[in-house]
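# Residue-level structural notes
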Amino acid sequence: MRKWICYFLFLIYGFGMMVACRQSTDFIVKGVINHADGQIVYLENVGLSSVVLMDSVKLNSSGQFNFKKPRPEYPDFYRLRLVNQLINFAIDSTETVIFNADAESFATSYTVEGSINSSAIKEITLAQLEANQEIKRARNELKAGNIQDSTYQQALLNAVDKYKKEALRHIYGMPMSTAAYFALFQKIDGLLFFDLYDKNDSRAFGAVATSLHTLYPNNQRAMHLYNLALQSIKANRSDGRIDVDVNEVDFLEIELPDISGAKIKLSEVAKGKVVILNFTVYQSDFSPNLNQRLDNLFSKYNTRGLEIFQVSLDSDLHLWKNVVSHLGWTCVHDPQSMNSKLVSLYNVQKLPALFLFDRKGSIVKRIEDVSVLDRDIQALL
């Protein structure tokens with residue numbers, strides 16, 4: 001009997017301690033940064049649209065720092081900044097997060113204690129950095145003329161797939177976590193690894209969005225992700241549309257030179273027309289077959305209001321001119337090639353990339369299967 005009474009009292013004490021911990025109104029971020037004497041470490045809050053400086057401390061020879069701040073109402077993201085190096089982490093139910101790092105390798109070789117999600121965020125960050133390094137190496141090879149555009153594209157895809165494999169382990173392993181959210185929104189050259197227009201990636205957005213919306217229905221970050229996931233689902237349905245207010249945004253404008261050097265705008269070509277927007281590389285294995293399919297569609301529907309706006313990312317300008325001289329639709333060339341800002345704007349992760357616009361200038365869908373284009377065009381015309 002006495003044994004059970006003691007056990008019961010122990011449970012009450014333990015529960016009381018847990019409640020006391022949960023009622024704490026602050027969180028603590030502390031640690032040591034070696035070889036950083038005289039440098040300043042900053043604590044920043046990473047919001048949906050901005051980064052806010054919260055505090056800073058000038059380090060002495062010991063390298064110790066200690067920040068104490070009010071606990072956020074909902075799980076949120078923060079970072080430590082030393083010069084131009086960053087350590088990202090999250091604050092959820094944890095109270096104290098401890099970092100140990102060296103000034104030389106601050107962003108990559110640090111250790112973190114007290115937060116499982118922050119440890120996972122480190123793994124995700126390292127996977128992102130590795131993908132960026134692989135793509136940078138391939139881009140340098142492309143610029144040096146050692147590889148072709150198609151080889152560079154394959155290297156890009158391989159690096160993205162490798163990152164996704166690591167990210168999906170966290171996304172599907174614990175979709176309600178801050179680490180899962182963090183993994184979804186990592187970028188490469190300003191471009192999300194996970195594509196809202198891709199059916200497989202759409203499921204990842206949906207898994208995290210549903211979990212966070214269930215846990216935190218009034219949280220701004222959770223609501224934002226939930227709305228993105230809904231748009232992604234609509235875009236990936238065969239009859240779906242992306243809800244775009246055409247009075248506010250008609251096009252993500254493209255203005256590039258054609259074969260004669262004249263600047264051509266997408267908005268001018270597409271006005272009142274059904275448009276196929278195609279990002280492509282003519283120096284690739286897929287190009288001849290794709291252009292033949294597009295030619296069949298153009299011949300069939302051009303008189304009824306179909307236009308094709310084809311953006312070449314080829315680095316070989318002579319090759320591009322030879323090909324487009326035989327094509328009947330609008331062909332433009334981006335001199336930035338694979339470094340094009342348009343690739344980021346349209347979230348182009350692989351080539352060829354095709355988008356379908358209706359007569360009002362709304363993106364109807366991203367085309368994954370060219371064989372269904374005929375049906376989709378008929379429906380819009």
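Above this text you will find the structure in question.
Here the structure is a predicted model, which is why all the values come from computation and not from measurement. (Residues numbered from 1 in each chain as written. Predicted model: local features only at pLDDT ≥ 70, side-chain atom pairs only at ≥ 80, totals over all residues. Heavy atoms only, no water.)

Mapped onto the secondary structure, Ile 98 falls in strand β7 (residues 96–102). Overall, Ile 98 belongs to the partly exposed group, its relative accessible area being 25%. When the C-alpha atoms of Ile 98 and Phe 65 are compared, they prove to be 9.9 Å apart, with 33 residues separating the residues in sequence. Apart from the residues lying within four places of it in its own chain, the contact partners of Ile 98 are Lys 30, Gly 31, Thr 111, Val 112 and Glu 113. (Helix = DSSP H or I, 4+ residues; strand = E, 2+ residues; numbered from the N terminus. Buried < 20%, exposed > 50% of the residue type's maximum accessible area, 1.4 Å probe, protein only. Contact = heavy atoms within 4.5 Å.)

Moving on to empty space enclosed by the protein. In this structure the tally under the stated criterion is one cavity of 30 Å³ or more. When its volume is computed, the largest cavity comes out at roughly 80 Å³. As for the largest cavity, its lining consists of Pro 75, Phe 77, Met 176, Ser 177, Thr 178, Tyr 181, Leu 212, Tyr 216, Asn 219, Arg 221 and Ala 222. Counting residues per element, the ones that place at least two in the lining of the largest cavity are α4 (178–184) and α6 (220–236). Within the lining of the largest cavity, the residues separate by chemical class into seven nonpolar, three polar and one charged. (1 Å grid on protein atoms, 1.4 Å probe; cavity = no way out; pocket = protein on both sides within 12 Å on 5 of 7 lines; lining within 4 Å. Points joined across faces, edges and corners; volume = space filled by probe spheres on them. Nonpolar A, V, L, I, M, F, W, Y, C, P; charged D, E, K, R; others polar.)

Look at helix α2 (residues 116–143) against helix α3 (residues 149–173): their axes get within 9 Å of each other, and the N-to-C directions meet at 175°. In terms of their interaxial angle, α2 and α3 are classed as roughly antiparallel. Listed contacts from α3 to Ala 120, Glu 123, Ile 124, Ala 127, Gln 128, Glu 130, Ala 131, Glu 134, Ile 135, Ala 138, Arg 139 and Leu 142 of α2 are Asp 149, Tyr 152, Ala 155, Leu 156, Ala 159, Lys 162, Tyr 163, Glu 166, Arg 169 and His 170. Its residues placed into classes, the contact of α2 with α3 shows twelve nonpolar, two polar and eight charged. (Axes fitted to C-alpha atoms, helices over the stretch in contact; angles between N-to-C directions. Parallel < 35°, antiparallel > 145°, perpendicular 65-115°, else oblique.)

For the coordinates displayed, the defined rule picks out 14 aromatic pairs. Three or more aromatic residues joined by ring pairs make a cluster, and in this case those are Phe 27, Tyr 78, Phe 89, Phe 99 and Tyr 110. Cation over ring: Arg 81 sits above Tyr 42, and NZ or CZ is 4.2 Å from the ring centre. (Phe/Tyr/Trp six-rings, centres within 6.5 Å; stacked < 30°, edge-to-face > 60°. Lys NZ or Arg CZ within 6 Å of the ring centre and 35° of its normal.)

Membership of the largest hydrophobic core comes to 61 residues, with the highest contact counts inside it found for Ile 254, Leu 277, Phe 279, Phe 309 and Phe 355. Per-element tally for this core: the top contributor is α2, with eight residues. Ranked by size, the runner-up nonpolar core spans 22 residues in total, among them Ala 36, Leu 59, Phe 89 and Phe 106. (Core = buried A, V, L, I, M, F, W, Y, C linked by side-chain atoms within 4.5 Å.)

Backbone-to-backbone hydrogen bonds join strands into a sheet, with any given pair of strands oriented parallel or antiparallel. Read from one edge to the other, the open sheet built from four strands follows the order β4-β1-β7-β8, with strand pairing classed as mixed. Every other strand in the sheet has two partners, leaving β4 (64–70) and β8 (111–113) as the edge strands with one partner each. Geometrically, the sheet is characterised by an average inter-axis angle of 15° between neighbouring strands, direction not taken into account. Where β7 and β8 come together, three bridges link them in antiparallel fashion. Looking at β8, one finds that Ile 98 is bridged to Glu 113. (Pairing = 2+ DSSP bridges.)

The next point concerns the side chain of His 333. With respect to the helices and strands, the residue His 333 is situated in strand β15 (residues 330–333). Within the structure, His 333 has its side chain in polar contact with the backbone oxygen of Asp 314 (distance 2.7 Å). Setting aside residues no more than four positions away along its own chain, His 333 makes contact with Leu 256, Pro 257, Ser 312, Asp 314, Leu 317 and Trp 320. (Polar contact = N/O pair within 3.5 Å; in protein donor to acceptor, adjacent residues only side chain to side chain.)

Before going further, it helps to examine the sheet that holds strand β17 (residues 363–367). Strands sit in the order β15-β14-β13-β16-β17 across an open sheet of five strands; the sheet is mixed. Each of the sheet's edge strands pairs with one partner strand only, and the pair in question is β15 and β17. Averaged over all pairs of adjacent strands, the angle between strand axes in this sheet comes to 20°, irrespective of strand direction. Across seven bridges, strand β13 (residues 274–280) lies against strand β14 (residues 306–312) in parallel orientation. Each bridged residue has a counterpart across the sheet, and for Val 274 the counterpart in β14 is Leu 306. Across the sheet, helix α9 (residues 317–324) is in contact with β14 and β15; its angle to β15 comes to roughly 175°.

On to α3. For α3, spanning 25 residues, the distance from its first C-alpha to its last is 36 Å, which sits close to the expected 36 Å at 1.5 Å a residue. The largest bend in α3 is about 30°, located at Ala 167. Taken residue by residue, α3 has Asp 149, Tyr 152, Gln 153, Leu 156, Ala 159, Val 160, Tyr 163, Lys 164, Ala 167, His 170 and Ile 171 as its buried positions. Contacts from the buried residues of α3 go to α2, α4 and α5 (199–215). (Expected span 1.5 Å × (residues − 1). Bend = angle between axes of the 7 residues up to and from the residue.)

Evaluated as defined, the whole model comprises 14 salt bridges. With a closest N to O distance of 2.8 Å, Arg 169 and Glu 123 form a salt bridge. With a gap of 46 residues between them, Arg 169 in helix α3 and Glu 123 in helix α2 connect regions that are remote in the sequence. On the basis of relative accessibility, which here comes to 36%, the residue Glu 123 falls in the partly exposed class. Here Lys 162 ties to Glu 134 by a salt bridge, and the two come within 3.4 Å at their closest N and O atoms. You can see Lys 162 sitting in helix α3 and its partner Glu 134 sitting in helix α2, a full 28 residues away along the chain. (Salt bridge = Lys/Arg side-chain N within 4 Å of Asp/Glu carboxyl O.)

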